[in-house]
Amino acid sequence: MVKVIASSVRKGNVLEVEGKLYVVLTAQNFHPGKGTPVTQVDMRRIVDGVKVSERWRTTEQVERAFVEDVNFQYLYEDGEGFHYMNPENYDQVVVDAETMGDQKAYLQEGMTCILSIHEGVPLAVQLPRHVTLEITETEPVVKGQTASSSYKPAMLSNGLRTMVPPHINAGTRVVIATEDNSYVERAKD
């Protein structure tokens, strides 16, 4: 375990609090006009999934658990969960649906993801920053609408909605940012 100051804690970090491991969901530093600056951390206990909020002074020491970030290749989903394989030694791990969260909509077969692993247990999954998806439906272009003026709603092949420029039509492949589901550019393939 490594001791770090509370203000350096970030989303995805794994902390040990009172002998139990927690994965950080959100971490915010508050600097009130009067009083001591504090760090508000929302965490999920790894063993049972219970969500907990903690507040520490920004200079307090917290214990950060050693977590290994390893590249894994996504294989498939079944009743057990989401199956990944380490391309170097062909070891397979299963990530449960709760750990995957909303990110599961972006998973594509063969995609390389970074799994945060502690003592052989996957704690968090980091997807690539961008994925390429196809537009399945979108509204027709209104005459006189320019590319810079506005975006229109579109449905992606993974079932999510996003906003795209007016020149993008159904059947077009586009690059989407996984962080906020926003349009980046038209796919170059």
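Draft legend 1. A look at the overall build of the protein. A tally of regular secondary structure across the protein gives one helix and 16 strands. For 189 residues, the compact-globule estimate of 2.2 N^0.38 gives 16 Å, and the protein exceeds it by more than 25% at 21 Å. If one aligns the C-alpha atoms of the protein with their principal axes, the spans along those axes are about 60 × 50 × 25 Å. Expressed as a percentage of its 189 residues, the buried residues of the protein come to 37%. At a minimum sequence separation of 6, the contacts of the protein that also span at least 24 residues come to 42%.

Draft legend 2. Region of interest: the packing of aromatic side chains. Inspection of every chain in the model, using the stated rule, returns three aromatic pairs. Ring centres of Tyr74 and Phe82 lie 6.5 Å apart, and the angle between their planes is 40°; on these two criteria the pair is classed as tilted. For Tyr74, a relative accessible area of 8% corresponds to the buried category. An aromatic cluster of at least three residues, connected via ring pairs, comprises Tyr74, Phe82 and Tyr84.

Draft legend 3. Main features of the environment of Lys188. As for its position among the elements, Lys188 is in the segment after strand 16 (182-186). Each C-alpha atom of the pair Lys188 and Arg173 lies 8.4 Å from the other, and the pair is 15 residues apart in sequence. Looking at Lys188, its side chain comes within polar contact range of the side chain of Glu185, at 2.9 Å.

Draft legend 4. Layout of the pattern of salt bridges. Under the definition given, this model contains three salt bridges. Here Asp48 ties to Arg45 by a salt bridge, and the two come within 3.0 Å at their closest N and O atoms. Its relative accessible area of 17% is what places Arg45 among the buried residues. Residue Lys188 pairs with Glu185 through a salt bridge whose shortest N-O separation is 2.9 Å. For Lys188, a relative accessible area of 71% gives the class exposed.

Draft legend 5. Looking closely at the nonpolar core. Membership of the largest hydrophobic core comes to 26 residues, with the highest contact counts inside it found for Tyr84, Leu107, Cys113, Leu115 and Val125. Counting only elements with at least two residues in this core, the list comes to strand 7 (68-77), strand 8 (82-85), strand 9 (92-95), strand 10 (112-118), strand 12 (130-138), strand 13 (152-156) and strand 15 (173-177). Apart from the residues lying within four places of it in its own chain, the contact partners of Leu115 are Glu68, Asp69, Val70, Phe72, Tyr84, Val93, Val95, Pro122, Ala124 and Val125. One finds Val4, Val9, Val41 and Met43 within the second-largest nonpolar core, a separate group that totals 11 residues.

Conventions used here
Residues numbered from 1 in each chain as written. Predicted model: local features only at pLDDT ≥ 70, side-chain atom pairs only at ≥ 80, totals over all residues. Heavy atoms only, no water. Helix = DSSP H or I, 4+ residues; strand = E, 2+ residues; numbered from the N terminus. Rg over C-alpha atoms; globule rule 2.2 N^0.38 Å. Buried < 20%, exposed > 50% of the residue type's maximum accessible area, 1.4 Å probe, protein only. Contact = heavy atoms within 4.5 Å. Phe/Tyr/Trp six-rings, centres within 6.5 Å; stacked < 30°, edge-to-face > 60°. Polar contact = N/O pair within 3.5 Å; in protein donor to acceptor, adjacent residues only side chain to side chain. Salt bridge = Lys/Arg side-chain N within 4 Å of Asp/Glu carboxyl O. Core = buried A, V, L, I, M, F, W, Y, C linked by side-chain atoms within 4.5 Å.

Read these as layout, nothing more, since geometry by itself doesn't imply function.
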